[in-house]
Amino acid sequence: MDTLTATQKQYLEQPKERISGSEAIVRCLLAEGVDVLYGYPGGAIMPVYDELYKYEDKINHVLTRHEQCAAHAAQGYARISGKVGVAMATSGPGATNLVTGIADAQIDSTPIVCITGQVPSHLLGSDAFQETDIVGISTPVTKWNHQVTKASQIPEIIARAFYIAKSGRPGPVLIDITKDAQFEEFDFQYKKCTGVRSYVPVPKTDPSSISAAAALINSAKKPLIIWGQGIILSKAETELKALVEKAGIPAAWTIMGASALPTSHPLNIGMVGMHGNYAPNVLTNDCDVLIAIGMRFDDRVTGKLDEYATQAKIVHLEIDPAEVDKNIKTDVAVLGDAKQSLLELLPQVNDNSHNEWLQKFKDLYEIEYEKVIKNDLHPTKAGLTMGEVLKEINIQTKGEAAIVSDVGQHQMIACRYADFNITKSNITSGGLGTMGFALPAAIGAKMAAPDREVVAVIGDGGYQMTIQELGTIFQNKLPVKIVVLNNEFLGMVRQWQQLFFEKRYASTEMVNPNFVAIAKGYYIEAKKVTKREDLAATVKEMIDSDGPYFLEVCVEKEGNVFPMVPSGASVSDIRLE
Amino acid sequence: MATEKKLYTVSVYTENNIGLLNRISAIFQRRHINIESLNISVSEIEGVSRFTILIHMSEDQIKKILGQIEKQVEVIKAYYHTDDDTIYQESCLFKIKSDLLFEERQIQNIIKESNAHIVTVNKEFFVLEKSGRRAELETLHKALSVFGIMQFVRSARIAVTKDELKITEMLNAFKNQ
Ligand SMILES: Cc1ncc(C[n+]2csc(CCOP(=O)(O)OP(=O)(O)O)c2C)c(N)n1
Ligand SMILES: [Mg+2]
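Residues numbered from 1 in each chain as written. Chains lettered and ligands numbered in written order. Predicted model: local features only at pLDDT ≥ 70, side-chain atom pairs only at ≥ 80, totals over all residues. Heavy atoms only, no water.

A. Seen up close, the interface of chain A and chain B. Taken together, the contacts link 19 residues of chain A with 16 residues of chain B. In total, chain A and chain B occlude about 1,600 Å² of area from one another, counting both sides; carbon and sulfur atoms represent 51% of this. It is T139, R197 and S198 of chain A that lose the most area in chain A upon contact with chain B, and together they represent 42% of the buried surface on that side. For the pair chain A and chain B, the interface holds 2 salt bridges. When the shortest N-O distance is used, the salt bridge between R197 of chain A and E15 of chain B registers 2.7 Å. Counting the contacts that link chain A with chain B gives 8 residue pairs in polar contact (both at pLDDT 80 or more). Each residue belonging to the side of chain A that touches chain B can be placed in one class, and the counts come to 5 nonpolar, 7 polar and 7 charged. (Contact = heavy atoms within 4.5 Å. Buried area = accessible area lost by both parts, 1.4 Å probe. Salt bridge = Lys/Arg side-chain N within 4 Å of Asp/Glu carboxyl O. Polar contact = N/O pair within 3.5 Å; in protein donor to acceptor, adjacent residues only side chain to side chain. Nonpolar A, V, L, I, M, F, W, Y, C, P; charged D, E, K, R; others polar.)

Right under this line is the structure:
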């Protein structure tokens with residue numbers, strides 16, 4: 001006992017209270033600062049719901065209309081607040097319904113904690129009613145997961161869940177709690193987790209890697225920065241801006257990194273990847289030093305790997321050692337937290353500018369503008385484009401809205417054309433591409449940032465995957481703005497069918513319902529725009545309204561998103577048409 | 001060079017958690033990597049398990065796999081070694097008809113020469129155990145199969161490294177931080 005530290009002693013001397021496992025779960029959540037969670041009740045989690053009822057004034061449980069949406073709402077909450085989102089579900093189908101959201105959070109490094117009820121421990125493995133092996137099922141898509149069968153384990157495991165979810169490279173954690181553990185009484189004490197001995201959340205930064213990175217940056221004639229979500233997750237926006245400005249380096253972003261540097265910044269040269277901007281894609285294969293910060297060289301970013309930036313020296317600032325050299329061989333890897341690494345790097349980087357090099361980006365932008373952007377934003381043809389809707393949203397929100405996009409053409413258009421003047425403004429399903437993400441994620445985003453304008457931009461296909469969340473929005477009076485860009489197609493798939501399957505539109509055309517009537521059925525103010533002359537005023541009306549608002553815009557049916565790096569092609573073979 | 005395929009032994013020190021086998025095997029399964037052999041046991045440290053995994057792959061690949069393994073929260077540390085870096089063994093058991101022991105003089109010589117040892121003998125069968133390198137085990141297997149083997153089983157490879165692995169120091173460093 002004499003080996004105990006002072007804090008451990010203090011903990012043991014703390015008064016204990018005899019409470020049930022289910023009350024302990026709620027108390028643990030409160031101790032972690034959780035004020036809202038998303039979920040859906042059922043048999044195996046009922047004792048916890050009974051406690052949530054008693055603690056109603058301290059913690060807000062939001063009933064989503066599907067467990068998948070509880071997970072996505074928790075993601076939306078986490079993405080905009082930087083805190084851990086919490087989702088709860090019952091055993092069996094409740095738990096399996098969470099899986100899509102968990103997988104999405106895993107691949108997009110979003111900190112969420114999911115708590116599932118489980119059948120009583122004596123029934124485990126007996127194929128009991130609503131028993132599924134959710135720990136087994138969720139293993140490959142969680143950062144960590146654990147099953148609790150004794151009430152006394154609850155505080156330590158939940159503390160650990162929050163610690164693991166948010167530390168290092170964040171991710172989803174699932175805790176499965178048997179019903180008997182929820183009923184069991186025990187002596188409750190809570191202590192936050194500050195470390196797990198087998199887990200190193202942030203690797204040590206080698207000072208020599210910093211100086212090697214600085215040397216490469218200082219010697220570069222044509223440097224290019226590509227940043228990812230790592231900047232947002234480590235709150236390194238200021239440091240990124242400082243590096244970009246000090247070294248005068250053109251900087252591009254991945255879809256997950258969007259908004260970390262304002263769109264209007266003169267050195268922000270746009271998005272990389274399949275539907276990214278022309279210049280940064282083409283010039284990736286022209287730069288001499290590529291500085292990747294908090295990004296993971298996803299295949300949607302790199303295109304054909306063995307023709308990706310082969311001429312360049314690669315510097316990779318990364319928190320997850322498993323990402324280094326995974327897809328792209330680096331010359332200098334700087335392990336560590338992006339903010340910390342940038343802070344150490346900054347003093348060693350010389351003041352510089354690369355005007356001639358920057359001009360190349362501007363020249364290619366002109367080409368993209370003429371061939372693509374002009375027609376997207378200022379179309380002369382009759383049909384409405386998705387781009388002009390985004391342009392109106394930019395105007396009405398001054399580029400300060402959080403844009404929550406779903407998956408498809410409208411998502412690419414939203415990422416390409418939304419003005420992101422504030423960080424954490426692009427909430428989208430990047431790595432998994434989960435249709436149905438946006439509406440529930442917007443719920444979480446709005447609740448985490450009630451002062452921000454939250455605009456969900458959704459396709460007519462994805463909208464119908466989680467449309468039932470209109471009920472959650474209505475019941476909770478959440479002033480989310482919902483824009484459905486209706487092309488009556490699963491547009492992105494249709495675009496591929498047009499380009500690569502000789503226009504065989506197999507199962508991509510949709511006969512849609514009366515979306516306005518559906519929204520109104522949920523008592524949500526709703527309008528439909530079919531003509532250009534009505535667009536600006538209606539978008540304004542939507543933004544000005546105090547409550548939730550649904551806007552359907554009927555856009556061109558067969559519009560395409562360009563530029564495009566066809567899958568398997570090199571980034572510099574990006575097509576403009 | 002680093003792309004040439006070889007046999008590697010991976011040693012993984014982990015917390016003793018039932019779910020971890022699932023997590024680690026999923027890393028291989030997802031990438032269609034065949035595990036040649038897998039052994040899980042206690043280690044020199046109380047409460048710490050040791051996985052010994054034998055895989056045939058390139059050094060480039062194995063480094064990536066190691067990154068994925070070490071990323072798991074309950075993995076303390078993972079290493080990969082070549083055969084030259086380790087002292088390693090497998091063991092095997094042969095169940096053979098007892099009659100043969102008396103009828104075939106040759107068998108007695110084989111047992112003696114191979115340094116195998118008899119675990120048990122009864123009227124019907126005897127059980128022979130042999131530990132060593134794979135090639136030695138295979139030679140013995142070949143020699144005995146002429147006479148007929150009732151049952152045969154071979155264990156996974158186990159290995160210790162010639163170099164020191166500083167797990168205890170790592171764990172102590174955590175305790176003191
Ligand atoms: C859950 C899910 N199923 C299927 C897909 C494949 N997919 C990607 S984009 C897309 C079409 C989306 O259509 P819509 O929501 O109308 O958006 P649009 O592309 O028309 O803007 C599909 C089916 C997916 N990403 N997610
Ligand atoms: Mg559509």
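Back to the write-up after that little detour.
B. Highlighting the site of ligand 1. Residue and element names in this part refer to chain A. Taken together, 18 residues are adjacent to ligand 1, and Q409, H410, G433, G462 and G491 come closest. Between ligand 1 and G461 there is a distance of 2.8 Å, counted from an oxygen atom to a backbone nitrogen or oxygen. Within the backbone of G491, an N or O atom sits 2.7 Å from an oxygen atom of ligand 1. In isolation ligand 1 has 590 Å² of accessible area, and contact with the protein removes 76% of it. Contributing elements (two or more residues each) for the shell around ligand 1: α17 (409-417), α19 (460-463) and α21 (491-500). (Near = heavy atom within 4 Å. Areas by Shrake-Rupley, 256 points an atom, 1.4 Å probe, with all protein chains shown as cover. Helix = DSSP H or I, 4+ residues; strand = E, 2+ residues; numbered from the N terminus.)

C. Just the environment of S264 of chain A, in detail. Residue and element names in this part refer to chain A. Secondary-structure assignment places S264 in the loop between β10 (251-253) and β11 (268-271). Among the residues examined, S264 registers a relative accessible area of 60% and is labelled exposed. As a C-alpha pair, S264 and F420 span 156 residues in sequence and 8.1 Å in three-dimensional space. (Buried < 20%, exposed > 50% of the residue type's maximum accessible area, 1.4 Å probe, protein only.)

D. Representation of the sheet that holds strand β18 (residues 481-486) of chain A in the model. Residues and elements named next belong to chain A. Across the sheet, which stays open at both edges, the 6 strands sit in the order β16-β15-β17-β18-β20-β19 with parallel pairing between neighbours. Each edge of the sheet is formed by a strand with only one pairing partner; in this case those strands are β16 (426-428) and β19 (525-529). The mean inter-strand angle of the sheet, taken between neighbouring strand axes irrespective of direction, is 20 degrees. Summarising the sheet, β18 and strand β20 (residues 549-554) pair through 6 bridges and their orientation is parallel. Looking across to β20, one finds that K481 is bridged to Y549. Most of the contacts of helix α4 (residues 67-81) go to β16, to which it runs at about 155 degrees, and overall it touches β15 (402-405) and β16. Helix-sheet contacts for helix α23 (residues 532-544) involve β17 (454-459), β18, β19 and β20, and the interaxial angle to β20 is about 160 degrees. (Pairing = 2+ DSSP bridges. Axes fitted to C-alpha atoms, helices over the stretch in contact; angles between N-to-C directions.)

E. Representation of the environment of F51 of chain B in the model. Residues and elements named next belong to chain B. Summarising the element assignment, F51 is placed in strand β3 (residues 48-58). Put simply, F51 and Q108 are 57 residues apart on the chain and 36 Å apart in space, counted from C-alpha to C-alpha. Apart from residues no more than four positions distant in its own chain, F51 is found in contact with V10, S11, V12, T14, L20, L21, I24, L38, N39 and I40.

F. Just the domain arrangement of chain B, in detail. Residue and element names in this part refer to chain B. Per the domain assignment, the segments making up chain B are domain 1 (5-81) and domain 2 (88-158). Here the C-alpha centroids of domain 1 and domain 2 sit 30 Å apart. With 7 residues of domain 1 in contact, the opposing surface of domain 2 contributes 5 residues. Here domain 1 meets domain 2 over a buried area of about 460 Å², counting both sides, of which 58% is carbon and sulfur. For the pair domain 1 and domain 2, the number of links is 2 residue pairs in polar contact (both at pLDDT 80 or more). Taken together, the elements giving at least two residues each to the side of domain 1 that touches domain 2 come down to β1 (5-15), β2 (35-42) and β3. Here the side of domain 1 that touches domain 2 gets 3 residues from one element, more than from any other, and that element is β2. A per-class count over the side of domain 1 that touches domain 2 returns 3 nonpolar, 4 polar and no charged. (Domains from an automatic or database assignment.)

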